[in-house]
Amino acid sequence: MERAELEKNIVAKEWDMFQKVKGIDGRASCQDDWKTFFIMRISQFESWDLSVLKSYYADLLEAEKQERNLVMEKYAFMMEETDPVYFLSIRSLLPEVSEKKELIAEKITSCFMKWEQEMEKTHPNVRKHGRPAEGIGSDGTASFRNYLKCELYTYSERTLALFLLSIEKNPDCNRYKIAMEKMVQAYGYASLDEAEKALSNMP
C-alpha cells in the first residue's frame, strides 16, 4: 500500500469511528463535516514517518477486531480535564493506560508543546485559530496538550515507541509546523507565511 493510500485509509477508519461517537448532548455538528475532518487528520499524518503510520493502521485494524472505538476513547479520556465529574462515572469503561504508555505519551506531548510554542512565536495568527495550548478555552474547548495526550493514550505501546523513536532520530524536525503547513495549503494558501499574513486581518 502506498503512503497516500495508507493515509486515506487511516482517515476513513477514524471517520467511521467518529460517526459512532455519542456525545452527552447528542451528535455534534463536526460529525457532519467530512472536509474539515479529512484536512485536519491527513495534515497530521503527512508529518509522520511511514513506520509510525503503518503501526497506527495496525492499531485501528486491531481495534476493529476488538470492537473498540479509539476516537470515542480519546474524547472520553479528554473529559478528565474538561468534565472531571462525568469522567469518574466512565473511567472504569476505558482501557487502563500502562505506566510505559503514559511515560512515552508525555515525552511525545512535551516535544509537540515545544514545537507549538515555536509556532506561537512565528505564526501567531495561524495558531490562534487552533485549540488553546493548555487549560480549557472560554467555550469549553479542550487544550492542544490534552487532546494530543489523550489521543496518544489510544495508540499501542508499539506505535508510541516508533513515534518517539522517529522524533529522537530527527529532533529538529518540527512535526507540528509540518502539519500546520499541510493544513493551510489544503485551505488554499501557498505557505504558512501567506496564511499568517492573510489571517492577520481576521478576528
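Going by the structure above, here's the rest.
Nothing here was measured: the structure is a model prediction, and the numbers come from that model.

Draft legend 1. The arrangement of a negative patch on the surface in detail. A contiguous patch of negative charge on the surface is contributed by Glu80, Glu81, Glu99 and Glu102. When you line up the elements, Glu99 lands in helix H6 (residues 99-122). The exposed category is assigned to Glu99, whose relative accessible area is 71%.

Draft legend 2. Inspection of the pattern of salt bridges at higher detail. Tallied over the entire structure, the rule returns 15 salt bridges. Arg127 serves as the salt-bridge partner of Glu116, at 2.7 Å between the closest nitrogen and oxygen. Here Glu116, found in helix H6, pairs with Arg127, found in helix H7 (residues 124-127); they are eleven residues apart in sequence, far enough to count as distant. Summarising the burial analysis for this pair, Glu116 and Arg127 share the class buried. Where Glu134 meets Arg145, a salt bridge forms, and the shortest distance between an N and an O atom there is 3.3 Å. Highlighted residues: Glu134 in the loop between H7 and helix H8 (144-153) and Arg145 in helix H8, separated in sequence by eleven residues. Of the residues examined, Glu134 reaches a relative accessible area of 48% and is grouped as partly exposed. The class for Arg145 is partly exposed, based on a relative accessible area of 22%. Put simply, Glu14, Arg41, Lys74 and Glu151 are held in one network by salt bridges that share partners.

Draft legend 3. Spotlight on the environment of Leu53. Position of Leu53 relative to the elements: it lies in helix H3 (residues 50-65). Note: C-alpha distance between Leu53 and Lys20 (33 residues apart in sequence) is 23 Å. Residue contacts for Leu53: discarding those within four places in its chain leaves Arg3, Leu6, Glu7, Ile10, Phe45 and Trp48.

Draft legend 4. Structural context of the environment of Lys107. As for its position among the elements, Lys107 is in helix H6. When the C-alpha positions of Lys107 and Leu164 are compared, they lie 7.6 Å apart, and in sequence the two are 57 residues distant.

Draft legend 5. Molecular detail of helix H2 (residues 34-45). Along its twelve residues, H2 runs 16 Å from first to last C-alpha, staying within 8% of the 16 Å computed at 1.5 Å per residue. Turning to H2, its buried residues number three or more, namely Phe37, Ile39, Arg41, Ile42, Ser43, Gln44 and Phe45. Looking at the buried side of H2, the elements it contacts are helix H1 (3-19), H3, helix H4 (70-82), H8 and helix H10 (175-186).

Conventions we followed
Residues numbered from 1 in each chain as written. Predicted model: local features only at pLDDT ≥ 70, side-chain atom pairs only at ≥ 80, totals over all residues. Heavy atoms only, no water. Patch = residues over 30% accessible without salt bridge, like charges linked within 9 Å, V, L, I, M, F, W, Y side chains within 5 Å. Areas by Shrake-Rupley, 256 points an atom, 1.4 Å probe, with all protein chains shown as cover. Salt bridge = Lys/Arg side-chain N within 4 Å of Asp/Glu carboxyl O. Lys, Arg positive; Asp, Glu negative; His and termini not counted. Charge placed at Lys NZ, Arg CZ, Asp CG, Glu CD. Helix = DSSP H or I, 4+ residues; strand = E, 2+ residues; numbered from the N terminus. Buried < 20%, exposed > 50% of the residue type's maximum accessible area, 1.4 Å probe, protein only. Contact = heavy atoms within 4.5 Å. Expected span 1.5 Å × (residues − 1).

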